[in-house]
Amino acid sequence: MAMNLRLRDDQTDALKQRAEQEGVSMHAIVLKAVDDYLSRTAQEAMVRKTAQEQAAKWHELLERLK
């Protein structure tokens, strides 16, 4: 799927500079950033879900310990 990405001038300049330093395209850096974000947020969602499940499982015990 194609999409347009509108960056501020300072973001474009920084991205271009980083791409030149790393010897990769700006596109490759953006794709990696998206992959990193998706991976990180998926892990956070999994931790949050697990925490909620465990809190529900141990709710009675936790209430007694208060």
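This section reports on the structure supplied with the text.

Parameters at a glance
Residues numbered from 1 in each chain as written. Predicted model: local features only at pLDDT ≥ 70, side-chain atom pairs only at ≥ 80, totals over all residues. Heavy atoms only, no water. Helix = DSSP H or I, 4+ residues; strand = E, 2+ residues; numbered from the N terminus. Rg over C-alpha atoms; globule rule 2.2 N^0.38 Å. Buried < 20%, exposed > 50% of the residue type's maximum accessible area, 1.4 Å probe, protein only. Salt bridge = Lys/Arg side-chain N within 4 Å of Asp/Glu carboxyl O. Axes fitted to C-alpha atoms, helices over the stretch in contact; angles between N-to-C directions. Parallel < 35°, antiparallel > 145°, perpendicular 65-115°, else oblique. Contact = heavy atoms within 4.5 Å. Nonpolar A, V, L, I, M, F, W, Y, C, P; charged D, E, K, R; others polar.

Description of the overall build of the protein
Moving on, step 1. Regarding its fold elements, the protein presents 3 helices and 0 strands.
Moving on, step 2. Secondary structure elements of the protein occur, N-terminal to C-terminal, as α-α-α.
Moving on, step 3. Taken over the C-alpha trace, the protein has a radius of gyration of 21 Å; the compact-globule value for 66 residues is 11 Å, which it surpasses by more than 25%.
Moving on, step 4. Considered along the principal axes of its C-alpha atoms, the protein spans approximately 60 × 25 × 20 Å.
Moving on, step 5. Here the protein, with 66 residues, has 5% of them falling under the buried criterion.

Thoughts on the pattern of salt bridges
Moving on, step 1. Considering all chains together, one arrives at 6 salt bridges under this definition.
Moving on, step 2. For lysine 49, the salt bridge identified is with glutamate 53, shortest N-O distance 3.5 Å. Linking lysine 49 with glutamate 53, this pair stays in helix α2 (residues 26–57), spanning 4 residues, or about one helical turn.
Moving on, step 3. For arginine 64, the salt bridge goes to glutamate 60, with nearest N and O atoms at 2.7 Å. One end of the pair, arginine 64, and the other, glutamate 60, are both in helix α3 (residues 59–65), 4 residues apart, so they sit about a helical turn from each other.
Moving on, step 4. Residue class for arginine 64 comes out exposed when judged on its relative accessible area of 60%.

Looking at the environment of aspartate 13
Moving on, step 1. With respect to the helices and strands, the residue aspartate 13 is situated in helix α1 (residues 9–22).
Moving on, step 2. Among the residues examined, aspartate 13 registers a relative accessible area of 52% and is labelled exposed.
Moving on, step 3. As a C-alpha pair, aspartate 13 and serine 25 span 12 residues in sequence and 13 Å in three-dimensional space.

Some thoughts on the packing of α1 against α2
Moving on, step 1. It is at 8 Å that the axes of α1 and α2 come closest, and there the two elements cross at 100°. Compared by their axis directions, α1 and α2 come out roughly perpendicular. Seen from α1, the contacting residues are Thr12, Leu15, Lys16, Arg18, Ala19 and Glu22; seen from α2, they are Met26, Ile29 and Val30.
Moving on, step 2. Residue classes in the contact of α1 with α2 are distributed as 5 nonpolar, 1 polar and 3 charged.

None of this, on its own, says anything about what the molecule does.
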